[in-house]
Amino acid sequence: MSTLKDKLYDELYLKLALNVEGVQYDVGTFDKLLRSNITLKKREYCTRDKELITTKSYNIPYDLQLPNGFRVNLITDRKSPYKIVEQDGVFSITYFGKWVCNITFPQPPAFFSGVTSDGTSMREIAADGTGCADDKGIAVMYSSECSVKDKGETCLFCTFNGVLGLENSEERPPWRNPLQIAETVKAAYEEGFTRINISGGFIPERREVDYYLDVAEAIQDQLGRKDFNGAACIGAPQDLAVIDKYKEVGYNNMSFNMEVWGEDYFNIFCPGKVSECGGFNNWVKAIEYAVSVFGKGNIRSNFVSGLQQKEKLLEGLEYLISIGVVTNPSPWVPAIGSPLEGHRSPTVDWHWDVQVKNAELLKKYGRTSRDIFNTAGARNYAYEIYQIENETLPIFKEQKAAV
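Residues numbered from 1 in each chain as written. Predicted model: local features only at pLDDT ≥ 70, side-chain atom pairs only at ≥ 80, totals over all residues. Heavy atoms only, no water.

A closer look at unusual backbone geometry
Backbone geometry follows two general trends: most residues other than glycine have a negative phi, and most peptide bonds adopt the trans configuration. Put simply, the rule reads: Note on conventions: DSSP H or I runs of at least 4 residues are helices, E runs of at least 2 residues are strands, and numbering of each starts at the N terminus.
Residue Glu-259 is not a glycine yet carries a positive backbone phi of 75°. Topologically, Glu-259 is positioned in the loop between β11 (253–255) and α7 (263–269). Its identity is not glycine, yet Glu-391 carries a phi of approximately 55°, on the positive side. Within the fold, Glu-391 resides in the loop between α13 (381–389) and α14 (394–402).

A few points about the layout of surface pockets
Convention followed: Lining residues are defined by having an atom within 4 Å of a point belonging to a cavity or pocket. Those points lie on a 1 Å grid over the protein atoms alone, cavities being sets where a 1.4 Å probe fits but cannot get out and pockets being open sets with protein on both sides within 12 Å along at least five of seven lines. Grid points are joined across faces, edges and corners, and a volume is the space filled by probe spheres set on the points. Polar here means any residue outside two lists: the nonpolar Ala, Val, Leu, Ile, Met, Phe, Trp, Tyr, Cys and Pro, and the charged Asp, Glu, Lys and Arg; Gly therefore counts as polar.
Considered as a void within the structure, the second largest pocket measures approximately 310 Å³ in volume. Surrounding the second largest pocket, 17 residues form its lining, Arg-48, Asp-77, Lys-79, Gly-342 and Arg-344 being those nearest its centre. For the lining of the second largest pocket, a count of residues per class yields four nonpolar, four polar and nine charged.

Focus on the sheet that holds strand β13 (residues 325–331)
Selection rule: When DSSP finds two or more bridges between two strands, those strands count as paired. What counts as an axis is a line fitted to C-alpha atoms, over the stretch in contact for a helix, and the angles between N-to-C directions run from 0 to 180 degrees. In this analysis, two residues are considered to be in contact whenever any of their non-hydrogen atoms come within 4.5 Å of each other.
The seven strands are arranged β7-β8-β9-β10-β11-β12-β13 in an open sheet whose pairing can be described as mixed. Of all the strands in the sheet, the pair left with one neighbour each is β7 (126–128) and β13. Ignoring which end each strand starts from, the neighbouring axes of this sheet average 25° apart. Pairing of strand β9 (residues 195–199) with strand β10 (residues 230–233) involves three bridges; the strand directions are parallel. Counted as the bridge partner of Ile-196 is Gly-230 from β10. Each of β12 (299–305) and β13 touches helix α11 (residues 348–364); the most contacted strand, β13, lies at about 170° to it.

Looking at the sheet that holds strand β6 (residues 98–103)
The sheet built from four strands is open, its strands ordered β1-β4-β5-β6 with mixed pairing. Taken across any chain shown, the strands that pair with only one partner, and hence form the sheet edges, are β1 (24–25) and β6. Pairing between strand β5 (residues 90–95) and β6: five bridges, direction antiparallel. Bridging from a neighbouring strand, Ile-93 pairs with Cys-101 of β6. Against the sheet, helix α1 (residues 2–21) engages β4 (82–87), β5 and β6, with an angle of about 105° to β4.

Quick look at helix α12 (residues 369–376)
Each full turn of the α-helix corresponds to 3.6 residues, which orients residues three or four apart in the same direction. The following threshold applies: When accessible area is computed with a 1.4 Å probe and restricted to protein chains, residues below 20% of their type maximum are described as buried, those above 50% as exposed, and intermediate ones as partly exposed.
α12 sits mainly inside the fold: six of its eight residues count as buried. Those residues of α12 that fall on the buried side of the exposure criterion are Asp-371, Ile-372, Phe-373, Asn-374, Thr-375 and Ala-376. Of the residues flanking the end of α12, it is Gly-377, one or two places downstream, whose phi is positive at about 70°.

Points about the pattern of salt bridges
Stated formally: Criterion for a salt bridge: a side-chain nitrogen of Lys or Arg within 4 Å of a carboxyl oxygen of Asp or Glu.
Counting across every chain of the model gives 13 salt bridges. The partner of Lys-15 in a salt bridge is Glu-384, and the shortest N-O contact between them spans 2.9 Å. Of this pair, Lys-15 sits in helix α1 while Glu-384 sits in helix α13, and the two are 369 residues apart along the sequence. Overall, the relative accessible area of 5% leaves Lys-15 in the buried class. Linking Lys-273 and Glu-259 is a salt bridge whose minimum nitrogen-to-oxygen distance equals 2.7 Å. Remark: Glu-259 occurs in the loop between β11 and α7 and Lys-273 occurs in helix α8 (residues 271–277); sequence separation between them is 14 residues. The buried category is assigned to Lys-273, whose relative accessible area is 8%. Among the ionic contacts, a cluster of salt bridges with common partners joins Asp-63, Arg-71, Asp-128 and Arg-379.

Thoughts on the side chain of Lys-5
Note the following rule: Here a polar contact means two N or O atoms within 3.5 Å. Within protein one must be a hydrogen donor candidate and the other an acceptor candidate, and residues neighboring in sequence count only if both atoms are side-chain atoms.
Its place among the elements puts Lys-5 in helix α1. Of the polar contacts made by the side chain of Lys-5, one reaches the backbone oxygen of Glu-389; its length is 3.4 Å. Those residues in contact with Lys-5, other than ones at most four positions away along the chain, are Ile-388, Glu-389, Glu-391 and Phe-396.

Considering the packing of α11 against α13
Formally: The labels follow the angle: roughly parallel below 35 degrees, roughly antiparallel above 145, roughly perpendicular from 65 to 115, and oblique for the rest.
Where α11 contacts α13, the two axes come as close as 9 Å, and the packing angle between them is 70°. Compared by their axis directions, α11 and α13 come out roughly perpendicular. Residues Gln-355, Val-356, Asn-358, Ala-359, Leu-362 and Lys-363 of α11 pack against Tyr-381, Ala-382, Ile-385 and Tyr-386 of α13. For the contact of α11 with α13, the residue count by class is seven nonpolar, two polar and one charged.

Quick word on the state of the cysteines
For the record, the criterion: For the purposes of this analysis, a disulfide is any pair of cysteine sulfur atoms at a distance within 2.5 Å.
According to the stated counting rule, one finds zero disulfides in the structure shown. Looking at Cys-233, it has no disulfide partner, and the nearest cysteine sulfur is the one in Cys-277, 11 Å off. Looking at Cys-277, it has no disulfide partner, and the nearest cysteine sulfur is the one in Cys-155, 9.6 Å off.

Some points on the packing of α1 against α14
Put simply, the rule reads: Helix crossings get a hand from a simple test, with the near helix turned counterclockwise from the far one by less than a right angle marking a left-handed crossing and a clockwise turn marking a right-handed one.
Interhelical geometry of α1 versus α14 gives an angle of 150° and a closest axis separation of 12 Å. Relative to α14, the element α1 is oriented roughly antiparallel. Between α1 and α14 the crossing geometry is right-handed. The residues of α14 that touch α1, namely those facing Leu-4, Lys-5 and Leu-8, are Ile-395, Phe-396 and Gln-399. When its residues are assigned to classes, the contact of α1 with α14 shows four nonpolar, one polar and one charged.

Shown next as C-alpha cells:
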C-alpha cells in the first residue's frame, strides 16, 4: 500500500496547491456542463480577481474531483499557474500548460434540487461537505452579515460585507430562518447525511444565543428526535454559562475560531472579536470551558494559516489540541473584499508542512477521525490525512478487492 499512499499524498498536495494558488479557466469552459446539471453551479464566488465579480464571469462548478477521490472547492485566480481545460467533454488540470491529471465533477446531492415550504432552494441553505468515504455532512451559513464592520473592526482576512457595492456584485443573501434550515436538514438526512455545521457572521451575543436555540428546536421538530448531531459556531461569550445552553438544547459540538494565536496577533487581526468578546484571553477561557462541558474531541477551533510565523501558529495548535480541541488551520486565501486583499499567502510547501504537523499533533493527543469529522462536518486536510494513514478511502477497498 505504500505506493498507493504516496500517490494519494501527491494528490492531496495538489488539492492544497489548487486552494493556495487558485485555478484559472477560460470563460465558457463550464457552460455546457452547467447547462446539463444546474445544481453543479457554484453558489458563491471565491476569487482573488475583482474583474470576475464585476463581470459575473465566475460560473463554475462548486467542486471538482481529482482521480483518486479528493474533492476541491474551486478558488479562481487568472494569474494561477494551474488551469482547467476541456476537450471533447474531458476536463483536465494543467500546470504552466503541461497536463497534470483529468478531473471529474461530483454528483450533487438530491436535496440540492429540493425547496423549502416557502419556496427557497435548499442548495441556497446548505452546502455539501461530503468527504471521500462514507461520512456525509452539510454546512449552513445562516448569514453573511457581520455587525463589527460598521465599527471599523472587521477581521483583516474576512470578506464578509467586502464586495457589496462593487459594480454588478451580488446582493447579500437574506438571513436563513430556522424552519428553512430544519427542512433542509431533514431532506439531507433522509438521503444519508449525518452531520450539520451551522455558522454565520458576527452578531450580538444575546441575539446569537436565541437564534441558535430556535434553529435547534426547529431541527428537532423536523427530525422527531433530540440528537441531530450538530455543531454551532459562535463567538466566545463573555458569560461562559451561555455555553451550557447550547448543550442543553441539543448541540453536541461547538466551534470557537481563534484565527491566530497570541494576544498581540489577535488584537491586530481580529479587532471585532476583541471588542465584542472580551479579547484573546476570554476566547481561550471560553474554549477551555467548552471542553469541560462537551468533552474532549467535541470542540473545534479554526485558524487562518499563513497570517503569522509558523512556530507561533504551531504553538497555538498544540496547546488547544493538548486540552482536547480539534484544530483546523485553513490556508489563508487573500480574496477580494478583505482588508488584506492583494497580499500573498505563504508557499504551498509552507502550508503543507502546517497541515502535516497539525495532523500529527491531533494523533499525538488521541484525536480520532471521528472527532475531526464530527466537529467539522466536512472534509479537511487532517481528516483526509487520517483517511490515507488509516486506509479508509474507497480506493483502498477497491484495490484490495482487485487483488
